[in-house]
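Structure at a glance
Residues per chain are reported as follows:
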Amino acid sequence: MKVGILGGGQLGRMLLQAAANYTVETFVLENDANCPSAHLCNHFTKGNITDFEDVYNFGKNLDAITIEIEAVNIEALEQLEKEGVKIFPNPAAIRIIKNKITQKQFYKDNEIPSSDFSITQQKSEISNYMHLLPAVHKIAEGGYDGKGVQIVNTTSDIEKGFDAPSVLEKKVAIKKEIAIIVAMNEKGNAALYPISEMMVNPVLNLLDYQISPALLPQKVVWVVEAIAIKLVKALKSPGLFAIELFVDVNDDVWVNETAPRVHNSGHHTIEGNHCSQYDMLWRIILNYPLGNTTPILPAAIINIIGEEGFNGTPYYEGLEEVLSIDNAFVHLYGKLQTKPGRKMGHVTVLHSSYQDLNYKANKIKHLFKIKSV
Ligand code: ADP
């Protein structure tokens, strides 16, 4: 079977690593010939994943296509779908999720709890929706890793908003940021991964480290699982979905956003769960039975990001010490250049005790630094 991946970043790289267990011929479309996936696929095509012709020409002789990022040309995927290429997830689901306005509207239409919101075209319109403040202003398309997000607590913050189609949503009084991955096959069978809990670095607005399974009251777990299943069923598409949610100070649960693809919050499933999210997506694409999502041991993921003040060829300080830690698994993405804040890899560590897990995650965070040579 010929399967294409749109995007050649680190998620695509891990998907390709998992493909080695199956008889599948892999194709990658990506602009950067030195991307993390280029040397792991069977066929690399240099091209723009947002361009109709590039995506269409890439896909027309394939059996199936999946994505590692949602900023892709949907029209080309719709055309390919009409011509019989299977797309995971289907283009209609990607279309809903790709734009934060249609995504929020989808939650509202399907009675999926997500914070109250209004749509703005210009930041000056924020003053029409004072009842939503304190709020978060989010650009509808093109934002990532918190870059298209501004907090608007009072009228004096309105200037920080966006002069582009955006969502203004009520700020949630967050107790925990969590994520859950849901797999859905073509028959409509679903499998849920255990919930993960994020620890966010407030300075870089990037994930500091993550723990899974999250430590939550059982009642909250049931609510999260019920919301996750309802959401994925409403999308009416096979595929793998990562849903980010907030647990607020009253233990109420709100959906933040959904990614229709393998996700950073599921990196630990490679070593931490019987079936990884990457293996699971192949099972869905190849129409095999869903895998076992049970955790082997509690896991932490530590993101390895480029150190402040270092640009150029990466030097991995502390690599040997980290590799000598029991049950620590280093994943480097093979990026040729480091720069401050760039995701260069991650480490997964497993331990039966949460206390030891947190201790090891912090130790790895402080030991392992990406500098330049
Ligand atoms: P991105 O898609 O760029 O990752 P998110 O929508 O996930 O952006 O928002 C980034 C961060 O901003 C979240 O992880 C959370 O900390 C904060 N945030 C987003 N929406 C809200 C909200 N409604 N209430 C409170 N904090 C929010």
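To be clear, the structure that these remarks concern was listed above.
Below or above, wherever it landed, is the structure these notes cover. Bear in mind that the values here come from a model prediction, so they are computed numbers and not experimental data. (Residues numbered from 1 in each chain as written. Predicted model: local features only at pLDDT ≥ 70, side-chain atom pairs only at ≥ 80, totals over all residues. Heavy atoms only, no water.)

1. Topic: the pairing of strand β1 (residues 2-6)
Counting buried positions along β1 gives 4 out of 5 residues, so the element sits mostly inside the fold. Read as a crossover between parallel neighbours, the route from β1 over helix α1 (residues 10-19) to strand β2 (residues 25-30) is right-handed. With 4 bridges joining them, β1 and strand β4 (residues 64-67) adopt parallel strand pairing. By the bridge assignment for β4, I5 is matched with T66. (Buried < 20%, exposed > 50% of the residue type's maximum accessible area, 1.4 Å probe, protein only. Helix = DSSP H or I, 4+ residues; strand = E, 2+ residues; numbered from the N terminus. Right-handed = clockwise from strand over helix to strand, strands pointing away. Pairing = 2+ DSSP bridges.)

2. Points about the nonpolar core
L15, L240, V262, Y278, M280, W282 and I285 are the most contacted members of the largest nonpolar core, which has 31 residues in total. Those elements giving two or more residues to this core turn out to be β1, α1, β10 (174-184), β14 (239-248) and α8 (277-285). In this structure V262 touches L11, L15, L240, Q277, Y278 and L281, once residues within four positions along its chain are discounted. (Core = buried A, V, L, I, M, F, W, Y, C linked by side-chain atoms within 4.5 Å. Contact = heavy atoms within 4.5 Å.)

3. Structural notes on the site of the ligand
If you check the shell around the ligand, you find 18 residues, and the closest are G146, E169, V172, E177 and E257. Here K100 contributes a side-chain N or O atom positioned 3.0 Å from an oxygen atom of the ligand. For the ligand, a nitrogen atom lies 2.8 Å from a polar atom in the backbone of V172. Burial of the ligand by the protein amounts to 86% of the accessible area it has alone, namely 550 Å². Classifying every residue of the shell around the ligand by side-chain character gives 6 nonpolar, 3 polar and 9 charged. (Near = heavy atom within 4 Å. Polar contact = N/O pair within 3.5 Å; in protein donor to acceptor, adjacent residues only side chain to side chain. Areas by Shrake-Rupley, 256 points an atom, 1.4 Å probe, with all protein chains shown as cover. Nonpolar A, V, L, I, M, F, W, Y, C, P; charged D, E, K, R; others polar.)

4. A short note on the sheet that holds strand β9 (residues 166-170)
Strand order across the open sheet formed by 4 strands is β6-β9-β7-β8, with antiparallel pairing between neighbours. Unpaired on one side and paired on the other, β6 (117-120) and β8 (149-152) mark the two borders of the sheet. Averaged over all adjacent pairs, the angle separating strand axes in this sheet is 25 degrees, with direction ignored. As judged from the 4 bridges shared by strand β7 (residues 135-139) and β8, these two strands associate in the antiparallel manner. Residue pairing in the sheet places H137 in a bridge with Q150 of β8. Across the face of the sheet, helix α5 (residues 100-109) comes into contact with β6, β7 and β9 while running at roughly 45 degrees to β9. (Axes fitted to C-alpha atoms, helices over the stretch in contact; angles between N-to-C directions.)

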